[in-house]
Amino acid sequence: MIIYGESVNKLDQFDKSKGVWALFGKRKDDKGRYICLNVGKSADIKTEITYDIKQLNLRLKRDGEKEYINQFGESCDFKYNSGNTQEYLYPFLSEQYKDFVFVLINNQSNDQIFERKFAWTTHSCYWRNGRPFSETKKNYYEKHVKKIIGDISPEINDKDIKEWIKFIKCFR
């Protein structure tokens, strides 16, 4: 379900609701392909996404000192300061992407396992989980994706993930 996008705002339905969400957008230089930019879990989806939307509307800060490296060991071509990751990430996304859509992925829990499996399945470009990498890792995603997706808890229904992938392809 789309929670928030250009012509949709269902945030009020998610006040104090827990779940896993994903942010999609299109590159400004791409005419139609949505890609998964970030995935998150939250105990209060409305509060978290409202904050993220505000950050999308801020001016990009250029005083960051640490290279932003995603969970797949890939440099994301901007710098940030510790403790202010979102305040650097979301304005950067606004400069690079358009037509943002926040989507509810799972409202049964704010499950870290579900978040992780969805992020790995979609190769979410800016997603990080836990401690950030301090340096890039060449081909980390390609080397680990099958093992990590396969090792993630079997109680997560692959059918649910496949349904979301089918839904995402409708954006393209």
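Residues numbered from 1 in each chain as written. Predicted model: local features only at pLDDT ≥ 70, side-chain atom pairs only at ≥ 80, totals over all residues. Heavy atoms only, no water.

1. Considerations on the pairing of strand S6 (residues 75–80)
Part 1 of the argument: Relative to S6, strand S5 (residues 66–69) is paired through three bridges, and the arrangement is antiparallel. Along S6, the bridge assignment pairs Lys66 with Tyr80.
Part 2 of the argument: Connecting S5 to the next strand, S6, in antiparallel fashion are five residues, including Gly73 with a positive phi near 80 degrees. (Pairing = 2+ DSSP bridges. Helix = DSSP H or I, 4+ residues; strand = E, 2+ residues; numbered from the N terminus.)

2. Topic: the nonpolar core
Part 1 of the argument: Membership of the largest hydrophobic core comes to 26 residues, with the highest contact counts inside it found for Ile3, Leu23, Ile49, Phe78, Leu93, Phe102 and Tyr126.
Part 2 of the argument: Elements represented by at least two residues in this core include exactly strand S3 (19–27), strand S4 (34–42), helix H1 (45–56), S6, helix H2 (85–96) and strand S7 (97–106).
Part 3 of the argument: Element by element, the count of residues in this core is highest for H2, at five residues.
Part 4 of the argument: Counting residues in each nonpolar core, the second largest holds 21 residues, with Phe24, Val39, Ile69 and Trp120 among its members. (Core = buried A, V, L, I, M, F, W, Y, C linked by side-chain atoms within 4.5 Å. Buried < 20%, exposed > 50% of the residue type's maximum accessible area, 1.4 Å probe, protein only.)

3. Re the environment of Val145
Part 1 of the argument: In this structure, Val145 sits in helix H4 (residues 140–151).
Part 2 of the argument: The class for Val145 is buried, based on a relative accessible area of 14%.
Part 3 of the argument: A sequence separation of 22 residues divides Val145 from His123, and the C-alpha atoms of the two residues are 8.9 Å apart.

4. Points about the pattern of salt bridges
Pairing between side chains becomes possible if they bear opposite charge and their charged atoms approach one another.
Part 1 of the argument: The tally for this structure, following the rule as stated, stands at four salt bridges.
Part 2 of the argument: We note a salt bridge from Asp99 to Lys26, for which the minimum N-O separation is 3.7 Å. In this pair, Asp99 is assigned in strand S7 and Lys26 in strand S3, connecting sequence segments 73 residues apart.
Part 3 of the argument: Asp99 sits in the partly exposed class, given a relative accessible area of 26%.
Part 4 of the argument: For Glu115, the salt bridge goes to Lys41, with nearest N and O atoms at 3.5 Å. With a gap of 74 residues between them, Glu115 in helix H3 (residues 112–122) and Lys41 in strand S4 connect regions that are remote in the sequence.
Part 5 of the argument: Residue classification places Lys41 among the partly exposed positions, given a relative accessible area of 32%. (Salt bridge = Lys/Arg side-chain N within 4 Å of Asp/Glu carboxyl O.)

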